[in-house]
Amino acid sequence: MNTSNRNDLQPKPGDALLIVDVQNDFLPGGSLAVPRGDEVVPVLNRYLRAFTAQNLPIYATRDWHPERHCSFRAQGGIWPPHCVAGTRGAEFAAALQLPSSAVIISKATTAELDAYSGFQGTNLDQQLREAKIRRLFIGGLATDYCVLNTVRDALRLGYEVFLLADAIRAVDVLPGKGQRAEQEMARLGAQRITIERIGV
Ligand code: VGL
Ligand code: ZN
């Protein structure tokens, strides 16, 4: 570990934490379980504490599908049914310590459209602009789908992006997909960090 970097990235005004889809269906035991997806929760709780301690805003996206969503196999999609709005599987992980002030962004809420990015079909960009956010600290599930697409859009929209490398996990339907997604995000300009940089 590069200890010279320890503590050099204290979150400051203009920063926000963006947590992607840490929902029961993406955790072990869920209908679209991400291997070791539960491991992101305690790490994200540390990022959450760092941001709440500085009174900085927290955004949490959630996959929030109707019952017969186009991404489900029965509708010709590639996924088992998951994150159906209002079900237990769509709830945030119980152990994730989201403050009541967290802004929840629901996505892919209509039957005909899928959205892997938290910016797609939502007002997330508008809300971040109104809150004068310029740097986004992004972690959650899954590295190779919703994290990748959210990071890609964030960079395209001009945000500085820190990818929380210790708080992401991949579905990895094909081996190596998670690693390739991480390489792609770095190539596009996302900066990989771990919790030590934040100093908590
Ligand atoms: C996701 C597959 C299907 C994700 C959402 O949150 O990464 N993956 N829907
Ligand atoms: Zn989905």
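Just so you know, these numbers come straight off a predicted model, no measurement behind them.

Section: the packing of aromatic side chains
No. 1: Taken as a whole, this structure holds five aromatic pairs when the rule is applied.
No. 2: A centroid spacing of 6.1 Å and a plane angle of 25 degrees characterise the contact between F119 and Y159, whose relative ring orientation is stacked. One end of the pair, F119, is in the loop between β3 (103-107) and α2 (124-130); the other, Y159, is in the loop between α3 (143-156) and β5 (160-169), with 40 residues separating them in the sequence. Here F119 and Y159 have matching classes, each one buried.
No. 3: Counting every residue linked through ring pairs, the aromatic cluster contains F51, F137 and F162.
No. 4: Just above the ring of W64 sits the side chain of R62; from NZ or CZ to the centre is 3.5 Å.

Re the packing of α3 against helix α4 (residues 177-188)
No. 1: Between α3 and α4, the shortest axis-to-axis distance is 10 Å and the interhelical angle comes to 5 degrees. Judged on the interaxial angle alone, α4 and α3 are roughly parallel. Judged by residue contacts, T143, D144, Y145, V147, L148, V151, R152 and L155 of α3 engage K177, G178, A181, E182, E184, M185 and L188 from α4.

With respect to the pattern of salt bridges
If charged atoms from side chains of opposite charge come close, those side chains can pair.
No. 1: Per the counting criterion, the structure on display carries 11 salt bridges.
No. 2: A salt bridge links D8 to R197; the shortest N-O distance between them is 2.6 Å. Taken together, the residues D8 in the segment before β1 (15-20) and R197 in the segment after β6 (191-193) connect sequence positions 189 residues apart.
No. 3: When the shortest N-O distance is used, the salt bridge between R169 and E39 registers 2.8 Å. Placement of the pair is R169 in strand β5 and E39 in the loop between β1 and α1 (40-53), with a sequence separation of 130 residues.
No. 4: E39 gets classed as partly exposed once you look at its relative accessible area, which sits at 31%.
No. 5: Connected through salt bridges with shared partners, the residues D21, D63 and K107 form a single ionic network.

Overview of the coordination of the zinc ion (ligand 2)
No. 1: Summarising the metal site, the zinc ion (ligand 2) is bound by the protein donors D63 (OD), H65 (NE2) and H82 (NE2), whose distances to it range over 2.0 to 2.2 Å.
No. 2: Taken together, the four donor atoms surrounding the zinc ion (ligand 2) define angles of 86 to 172 degrees at the centre, an arrangement classified as irregular.

Remarks on the environment of L17
No. 1: For L17, the position within the fold is in strand β1.
No. 2: As a C-alpha pair, L17 and P28 span 11 residues in sequence and 24 Å in three-dimensional space.
No. 3: Those residues in contact with L17, other than ones at most four positions away along the chain, are Y47, L48, F51, P57, I58, Y59, F137 and L164.

What counts, and where the lines are drawn
- All residue numbers refer to position in the chain's written sequence, counted from 1.
- Each chain gets a letter, beginning with A, and each ligand a number, beginning with 1, in the order they are written.
- Where totals are concerned, whole chains, interfaces and linings use all residues; where local detail is concerned, this predicted model gives features only for residues with pLDDT of at least 70, and gives and counts side-chain atom pairs only at 80 or more.
- Where side-chain values are given, they derive from all heavy atoms of the structure, hydrogens and water being excluded.
- Any pair of Phe, Tyr and Trp rings, taking the six-membered ring for Trp, is counted once the centres come within 6.5 Å. Such a pair is stacked with planes under 30 degrees apart, edge-to-face with planes over 60 apart, and tilted for the rest.
- Secondary structure elements follow DSSP: runs of H or I no shorter than four residues count as helices, runs of E no shorter than two count as strands, and numbering proceeds from the N terminus.
- Note on exposure labels: buried denotes an accessible area under 20% of the residue type's maximum, exposed denotes more than 50%, and partly exposed covers the range between, all computed with a 1.4 Å probe on protein chains only.
- Lysine NZ or arginine CZ positioned within 6 Å of the ring centre and within 35 degrees of the ring normal marks a charge as sitting over the ring.
- With axes taken as lines fitted to C-alpha atoms, and helix axes fitted only over the stretch in contact, angles between N-to-C directions fall between 0 and 180 degrees.
- Oblique is the label for every angle not falling under 35 degrees (roughly parallel), over 145 degrees (roughly antiparallel), or within 65 to 115 degrees (roughly perpendicular).
- Between two residues, a contact is recorded if the distance between any of their heavy atoms is within 4.5 Å.
- Any carboxyl oxygen of Asp or Glu within 4 Å of a side-chain nitrogen of Lys or Arg constitutes a salt bridge here.
- With water excluded from the atoms, a metal site may look incomplete; its donors are any N, O or S atoms within 2.8 Å, or within 3.2 Å for Na, K and Ca.
- In this scheme the shape depends on donor count and angles: four donors with every angle between 85 and 135 degrees give tetrahedral, four or six donors with opposite pairs above 155 degrees and others between 65 and 115 give square planar or octahedral in turn, and any other case is irregular.

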